[in-house]
Amino acid sequence: MPANGQPRRARITRKLVLVGTGAAVLALPLMGATTASAHTTTTATATTTAATVYPNNLDGWIRQSLSVMAQHGIPGSYDGIYRNVIRESSGNPNAINLWDSNAAKGTPSKGLLQVIDPTFAAYHVPGTVYDPYDPVANITAACNYAAARYGSIDNVFGAY
């Protein structure tokens, strides 16, 4: 307690901490908590989560997908995803291939990582919308497929 007799208020500092998967967590460190109330505050802090908002662009889609992938144990890196997205669609989430052998069979490749509908259906990951044109769903399903077939999207260096 300070000299003026008034109790000192605990100050909580909020920090946004980025982790390797692209996910963010809210850290609420406690400063000056020395009484029984510290236990209550600590318990409340442990259950606090932050809703991460990703930008609606290629960087945000990749980071959000990496977050979903981490939750499901799907391997892959930002660089591996980015490299394949640029090769497959130049970053256009509405890209569609109407001329290759898949298209000739009636199943054109769609989205950022050019996934055909049967592959999307087989490798769709819960926690993403069921839409092959949705950037996060497309990336995550493609990475799930690449993990099953090649070990990781990082091992894909050409059409897959």
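Residues numbered from 1 in each chain as written. Predicted model: local features only at pLDDT ≥ 70, side-chain atom pairs only at ≥ 80, totals over all residues. Heavy atoms only, no water.

### Some details on unusual backbone geometry
Then step 1. The phi dihedral of serine 90 is positive, around 55°, even though this residue is not glycine.
Then step 2. Along the chain, serine 90 turns up in the loop between α3 (78-89) and β5 (96-97). (Helix = DSSP H or I, 4+ residues; strand = E, 2+ residues; numbered from the N terminus.)

### Focus: α3
Then step 1. The end-to-end C-alpha separation of α3 is 16 Å, in line with the 16 Å expected for 12 residues at 1.5 Å each.
Then step 2. Gly80, Ile81, Asn84, Val85 and Ser89 are the residues of α3 that are buried. The buried residues of α3 occupy an angular sector of 125° when projected down its axis, which confines them to one face.
Then step 3. Next to the buried residues of α3 lie α2 (58-72) and α6 (135-150).
Then step 4. Looking one or two residues past α3, serine 90 carries a phi angle of roughly 55°, positive in sign. (Expected span 1.5 Å × (residues − 1). Buried < 20%, exposed > 50% of the residue type's maximum accessible area, 1.4 Å probe, protein only. Arc of directions from axis to C-beta. Contact = heavy atoms within 4.5 Å.)

### As for the packing of α2 against α6
Then step 1. As a packed pair, α2 and α6 sit with axes 9 Å apart at the nearest point and diverge in direction by 50°. Comparing their axes, α6 and α2 come out oblique. As α2 runs across α6, the sense of the crossing is right-handed. In this structure, α2 contributes Trp61, Ile62, Gln64, Ser65, Val68 and Met69 to the contact, and α6 contributes Pro135, Val136, Ile139, Thr140 and Cys143. (Axes fitted to C-alpha atoms, helices over the stretch in contact; angles between N-to-C directions. Parallel < 35°, antiparallel > 145°, perpendicular 65-115°, else oblique. Left-handed = near helix turned anticlockwise from the far one by under 90°.)

### Side note on α6
Then step 1. Look at α6: 21 Å from first C-alpha to last across 16 residues, which is about the 22 Å you get at 1.5 Å a residue.
Then step 2. Those residues of α6 that fall on the buried side of the exposure criterion are Pro135, Val136, Ala137, Asn138, Ile139, Thr140, Ala141, Ala142, Cys143, Tyr145 and Ala146.
Then step 3. Buried residues along α6 sit in contact with α2, α3, β6 (109-110) and α5 (117-123).
Then step 4. The backbone nitrogen of valine 136 has a side-chain oxygen 3.2 Å away, supplied by the residue at the start of α6, namely aspartate 134.
Then step 5. Looking one or two residues beyond α6, the residue adopting positive phi is glycine 151, at roughly 95°. (Polar contact = N/O pair within 3.5 Å; in protein donor to acceptor, adjacent residues only side chain to side chain.)

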